[in-house]
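# Architecture and fold: a report
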Amino acid sequence: METTPDLPVEVISYILSYLSVSDRKEASVVNRAWYFASQDCRLQDSTVFSLAKLFGTSLRLLDLTSCLSITDISIRAIIFYLNNLTVLRLGWCKEITDWGLLGMQDPNEEHCPETKDDLGPKFSRNFGNMGFFTPPTYFDDRPVMITKLEDLLINGEKHGPTLRALRHLQELDLTACRKLTDISLQQVIQLPNLKKLSLGMVNEITDRTLVSVATHCRSLEHLSVNHCCFLTDEGMIQTLQTVGRLVSLDISCCDGISDRTLAAIAENCKWLKNLDVSMCNGITVARVELLQSQIPWATNIKTRFVGGADLSISL
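Residues numbered from 1 in each chain as written. Predicted model: local features only at pLDDT ≥ 70, side-chain atom pairs only at ≥ 80, totals over all residues. Heavy atoms only, no water.

### As for unusual backbone geometry
Filter applied, for reference: A run of H or I in DSSP becomes a helix once it reaches four residues, and a run of E becomes a strand once it reaches two; helices and strands are each numbered from the N terminus. Only protein chains enter the area calculation, which uses a 1.4 Å probe; residues under 20% of their type maximum are buried, those over 50% are exposed, and those in between are partly exposed.
A positive phi angle, near 65°, is found at Ala176, a position not held by glycine. Topologically, Ala176 is positioned in the loop between strand E3 (171-173) and helix H7 (182-188). Ala176 gets classed as buried once you look at its relative accessible area, which sits at 0%. Positive phi, close to 60°, is recorded for Cys253, a residue that is not glycine. Inspection of the secondary structure puts Cys253 in the loop between strand E6 (248-250) and helix H10 (259-268).

What follows is the structure, given as structure tokens:
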């Protein structure tokens, strides 16, 4: 049995990642490509590149949540090949930086990651390195994998399209991508069809990003900016005045937010159903109770430890 000639080993590795250890062991003896694909089923840049190139404009949803190994190389591949994405989830991909979203190569990186030589047996969950079997003698040459940034450069250009090229995006999750800052987010989150945005725990963002998002993403319905300590009432008020269709808002653990933001919510958010202001030290219990009476259409308001108190309201 032979694999499809044009199916990259990275794609085979991604498919095999859904199998149990015993099933991957069986699959590894099919042929040389399947053997090497079974050795490491962690999602890496080479896999994302191959998947993006394979599916191209046919792919609509891509969820890479908690894929800790992927870098800006993957982001550039996604932007270049997957132009018709409507959902992109990159939560907890902690190696992503401003350079990736801007379609640029980090000038501080002279070389991109290269495949390391096999260092022999080692302890890991990777069954191929745990001595289950010895590879057949005809598995001598490892297939070539795509790991070089140059593969993403067109005609030698160092700059590619930015995240704005994904103009069909309706959902974008950048939760805990802590290397991202205002530098890129102000420029690339200009997506008129975007309805759901998660920037929680992107610690470096400020009001500049928030106001820019509100200006360019007028269709926004779900916004999460929890644990963003540099956000203030001024930025939130401008955002709430600009985006009138919010259904869900999470500003929990934002100490720069106070009762002024709750007043703006009552005045501008006529469609709000879900609100989380938990652990916002600048918000008082009295103002939360007033907000409850002002927006009776809200079905779920989370207020744990507001102003240092433990007040949970669920309507």
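### Notes on the packing of helix H4 (residues 45-55) against helix H5 (residues 72-81)
Rules: Fitted lines through C-alpha atoms serve as axes, helices being fitted only where they are in contact, and the angles separating the N-to-C directions of these axes extend from 0 to 180 degrees. Geometric relationships in this document are graded by angle, where less than 35 degrees denotes roughly parallel, more than 145 denotes roughly antiparallel, 65 to 115 denotes roughly perpendicular, and other angles denote oblique. Contact definition: two residues touch when any of their heavy atoms are within 4.5 Å. Amino acid classes used here: Ala, Val, Leu, Ile, Met, Phe, Trp, Tyr, Cys and Pro are nonpolar; Asp, Glu, Lys and Arg are charged; the rest, including Gly, are polar.
Here H4 crosses H5 at 5°, and the two axes come no closer than 9 Å. It follows that H4 is roughly parallel to H5 by the angle criterion. Taken together, the residues of H5 that come into contact with H4 (itself represented by Asp45, Val48, Phe49, Ala52 and Lys53) are Ile73, Ser74, Ala77, Ile78 and Tyr81. Of the residues in the contact of H4 with H5, the class split is 7 nonpolar, 1 polar and 2 charged.

### A closer look at H5
Burial of H5 is extensive: 9 of the 10 residues sit out of reach of the surface. Tucked into the core, H5 has its buried residues touching H4, strand E1 (61-63), strand E2 (87-89) and helix H6 (98-101).

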